[in-house]
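Secondary and tertiary structure notes
Now for the letters of each chain:
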Amino acid sequence: MKINRRSFLKRALAAGSMAVGTGSLVSACSGLRRADLPDQDLSKPISGQLDQIGGAILYYASLAPSGHNAQPWFVRVVKNNEWIIGLDPQRRLPEVDPDNREALLSLGAFAENLSLAAGTYGYKAEMEIIAGNPFEQDIIKVALINTGTIDYPLERLKRRMTVKQGYLPDEIKKEDIRALSEPLKGRLFYFPKGTEHAKCTEEGAIENFRIQVNRDNAQQELVRWVRLSNKDAERYRDGLTVGGMEIRGFKGWFVRNFINPQDFMKPSFRKQSIDLTAKLARQGGGWLVITSEGQTVVDLVDSGRRFERMALMARERKLAIQPMTQYLEEKEGLQQIAANHAAGVVPQFLLRVGYLKNYPNPVSLRRPVDWFVKP
Ligand SMILES: Cc1cc2nc3c(=O)[nH]c(=O)nc-3n(C[C@H](O)[C@H](O)[C@H](O)COP(=O)(O)O)c2cc1C
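First, a word on what this report is: a plain description of the structure on this page. Owing to the predicted nature of the structure, the values given are computational and were not obtained by experimental measurement. (Residues numbered from 1 in each chain as written. Predicted model: local features only at pLDDT ≥ 70, side-chain atom pairs only at ≥ 80, totals over all residues. Heavy atoms only, no water.)

**So, the site of the ligand**
Stated precisely, the cut-off is as follows: Throughout, near means a residue has at least one heavy atom within 4 Å of the molecule or strand. Polar contacts here mean pairs of N or O atoms no more than 3.5 Å apart (in protein, one a potential hydrogen donor and the other a potential acceptor; neighbouring residues in sequence count only if both atoms are side-chain atoms). Surface accessibility in these figures is a Shrake-Rupley result with a 1.4 Å probe; residues are shielded only by whichever protein chains are displayed. The helix count covers DSSP runs of H or I at least four residues long, the strand count covers runs of E at least two residues long, and both are numbered beginning at the N terminus.
Looking at the ligand, there are 20 residues lining it, with Arg160, Thr162, Gln322, Thr325 and Arg366 nearest. In the model, an oxygen atom of the ligand is placed 3.3 Å from a nitrogen or oxygen of the Ser66 main chain. Arg366 is positioned with one of its side-chain polar atoms (N or O) 2.7 Å from an oxygen atom of the ligand. Bound to the protein, the ligand loses 90% of the 620 Å² it would expose on its own. Only α4 (101–120) and β9 (319–323) provide two or more residues apiece to the shell around the ligand.

Below is the structure:
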């Protein structure tokens, strides 16, 4: 990458004017964050097909996590209170998720948020899995039935986030594990740092990350979802921004202005990301593993829903959770896992867990509701 003095100044000035525009130096370094964009106005109907409540429910649903923040969902409004949640083929990650396993987990998290939000607006969201296999587009049929309010603090949906850095080494308290386990009914396992199982998971996570980063097609797929400039971030409102990747300070500013996504293909970049992942994998209080009984569409959507219910509780306990998924994506990792787990115990999430001293605010972007509601 060549930068001459003139273009350096031009870009530096552009970054400077951004700093004024968004009013904070931190934002100038890490780029466009969620708070820099206007929040969805929940007092107005969002699209021609949805009333105000429908729009609000889908806004909350869209705050769900997803692999590469690809937001693989679309929604079709069949009639006012009947919707289809679907999997958008343009938002699949075929290189790292060829079977749509993670796309369906993400759809499950979306469905869980939808159900919790619907409850607070007085509706029960009855859901039926209509897809017979993970490659169909229409996955869940939702019927909203007016049954009375079920309270849930929706702030939790707005404040949940994936945090990667700053994990403390403390072991996770028993009462916290008990609370997190509650929505997972015997399908959550905690391996405290330093235990044999935690060490194996740590090593496997690093090794499979290394394998994936060196796989050109997987790295190229990542490049497709990286949004380094504010212009791209605002245009797409998805993917991995500089803030989302927690590249902060001068480094963040530099990356936003002088690096382009294709630079992620360079050996030096790949090496840096492996080193960082190795450092992070060794931080924190250990690992959580979420398992399911099988790999059907029903199993995956259900696991995603339960994972989200758990993740929503983490912040108030000062717990950070980061999926580290490469172990479950690479051939080598999968073989190792299959050899060590009985049938009927299928790991779906590998999560690093740790306490934080200071919990940051969510930064990842979301598409507005009318971008993913289909006619
Ligand atoms: C199925 C799934 C897999 C994920 N895998 C990873 C991963 O391997 N590494 C990582 O840092 N984050 C991973 N994430 C977290 C997403 O990157 C994150 O949810 C997304 O960027 C949106 O950010 P947010 O969770 O802060 O809203 C995963 C999330 C889901 C739902």
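**Thoughts on the pattern of salt bridges**
When charged atoms on two side chains of opposite charge get close, those side chains can pair. Under the convention used in this document: Salt bridge, as applied in this entry: a Lys or Arg side-chain nitrogen positioned within 4 Å of an Asp or Glu carboxyl oxygen. Remark: exposure states derive from per-residue accessible area (1.4 Å probe, protein chains only) relative to the maximum for the residue type, with buried under 20%, exposed over 50%, and partly exposed in between.
Tallied over the entire structure, the rule returns 25 salt bridges. For Lys193, the salt bridge identified is with Glu202, shortest N-O distance 3.9 Å. Accessibility expressed as a relative area gives 16% for Glu202, which makes it buried. The closest approach of N and O atoms between Asp263 and Lys266, which form a salt bridge, is 3.3 Å. Overall, Asp263 belongs to the buried group, its relative accessible area being 7%. Note on Lys266: relative accessible area 34%, which makes it partly exposed. A cluster of three or more residues bridged by salt bridges with shared partners is formed by Asp88, Arg91, Arg227 and Asp238.

**With respect to the nonpolar core**
The line we're drawing: The definition of a nonpolar core used throughout is a set of buried Ala, Val, Leu, Ile, Met, Phe, Trp, Tyr and Cys residues joined through side-chain atoms within 4.5 Å. By the convention used here, residues are in contact when the closest approach between their heavy atoms is within 4.5 Å.
Counting residues in hydrophobic clusters, the biggest one holds 68 residues, and the most contacted among them are Leu58, Trp83, Phe110, Leu114, Ile139, Leu288 and Met310. It is α4 that contributes the most residues to this core, 11 residues altogether. If near-sequence neighbours (up to four positions away) are discounted, Leu114 is found in contact with Ile57, Leu58, Ala61, Trp83, Ile85, Ala125, Met127 and Val142. Formed by 14 residues, the second largest nonpolar core is a distinct cluster that contains Ile206, Ala281, Trp287 and Met324.

**Quick word on the pairing of strand β2 (residues 82–87)**
Note the following rule: Strands were regarded as paired on the criterion that DSSP finds at least two bridges between them.
With six of six residues buried, β2 lies mostly within the body of the structure. Because side chains alternate across β2, one face comprises the buried residues Glu82, Ile84 and Gly86, and the other comprises Trp83, Ile85 and Leu87, equally buried. In the sheet, strand β1 (residues 73–79) pairs with β2 via six bridges, with the strands oriented antiparallel. From the neighbouring strand, Phe74 faces β2, where its bridge partner is Gly86.

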